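Structure at a glance
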Amino acid sequence: MLKHSLKIVLGIVLVFIGIVGGLIPIFQGWVFGVPGLIILAEYFPPLKKIVNWAKKKYLDKKEN
């Protein structure tokens, strides 16, 4: 149970850093935000749908 809680907290922290990084011009926020969303997608189904959609878009674009 503690492991799951720590993973959720880590995901939230990474997403928060990603959002802050998106507001600061010299900081690449997506580097932290994307892994945070992937971690949180394991626990929150709506985020899992978004991650799967983005993954599908990436793979479709990569094939073309």
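You'll find the structure just up there.
Let us look at the structure shown here. (Residues numbered from 1 in each chain as written. Predicted model: local features only at pLDDT ≥ 70, side-chain atom pairs only at ≥ 80, totals over all residues. Heavy atoms only, no water.)

Comments concerning the overall build of the protein chain
Along the backbone of the protein chain there are 3 helices and 0 strands. Reading the protein chain from its N terminus to its C terminus gives the helix and strand order α-α-α. Counting only C-alpha atoms, the protein chain reaches 45 × 30 × 15 Å along its principal axes. The 64 residues of the protein chain split such that 19% are buried. Approximately 5,400 Å² of the protein chain is accessible, and the part contributed by carbon and sulfur atoms is 75%. (Helix = DSSP H or I, 4+ residues; strand = E, 2+ residues; numbered from the N terminus. Buried < 20%, exposed > 50% of the residue type's maximum accessible area, 1.4 Å probe, protein only. Areas by Shrake-Rupley, 256 points an atom, 1.4 Å probe, with all protein chains shown as cover.)

Some details on the environment of valine 15
Mapping valine 15 onto the fold places it in helix α1 (residues 2-23). A residue is classified by how much of its surface remains accessible, and valine 15, at 19% relative accessible area, is buried. Separated by 21 residues in sequence, valine 15 and glycine 36 place their C-alpha atoms 5.0 Å apart. Not counting residues up to four positions away in its chain, the partners in contact with valine 15 are Phe32, Gly33, Gly36, Leu37 and Leu40. (Contact = heavy atoms within 4.5 Å.)

Here's the deal with the packing of aromatic side chains
Overall, the coordinates contain 1 aromatic pair when judged by the stated rule. Arranged with centres 5.5 Å apart and planes meeting at 10 degrees, the rings of phenylalanine 27 and phenylalanine 32 form a pair that is stacked. On the accessibility criterion, phenylalanine 27 (33% relative accessible area) is partly exposed. (Phe/Tyr/Trp six-rings, centres within 6.5 Å; stacked < 30°, edge-to-face > 60°.)

Quick notes on the pattern of salt bridges
As enumerated under the stated definition, the model contains 2 salt bridges in all. Here lysine 7 and glutamate 42 are joined by a salt bridge, their closest N and O atoms 3.0 Å apart. Here lysine 7, found in helix α1, pairs with glutamate 42, found in the loop between α2 (30-41) and α3 (45-63); they are 35 residues apart in sequence, far enough to count as distant. The exposure class assigned to lysine 7 is partly exposed, which follows from its relative accessible area of 27%. Put simply, lysine 56 and aspartate 60 hold a salt bridge, and the shortest N to O gap is 3.3 Å. One end of the pair is lysine 56 and the other is aspartate 60, both in helix α3 and 4 residues apart, which spans about a single turn. Residue aspartate 60 is classed as partly exposed on the basis of its relative accessible area, which comes to 34%. (Salt bridge = Lys/Arg side-chain N within 4 Å of Asp/Glu carboxyl O.)

Purely geometric stuff here, so don't read any function into it on its own.
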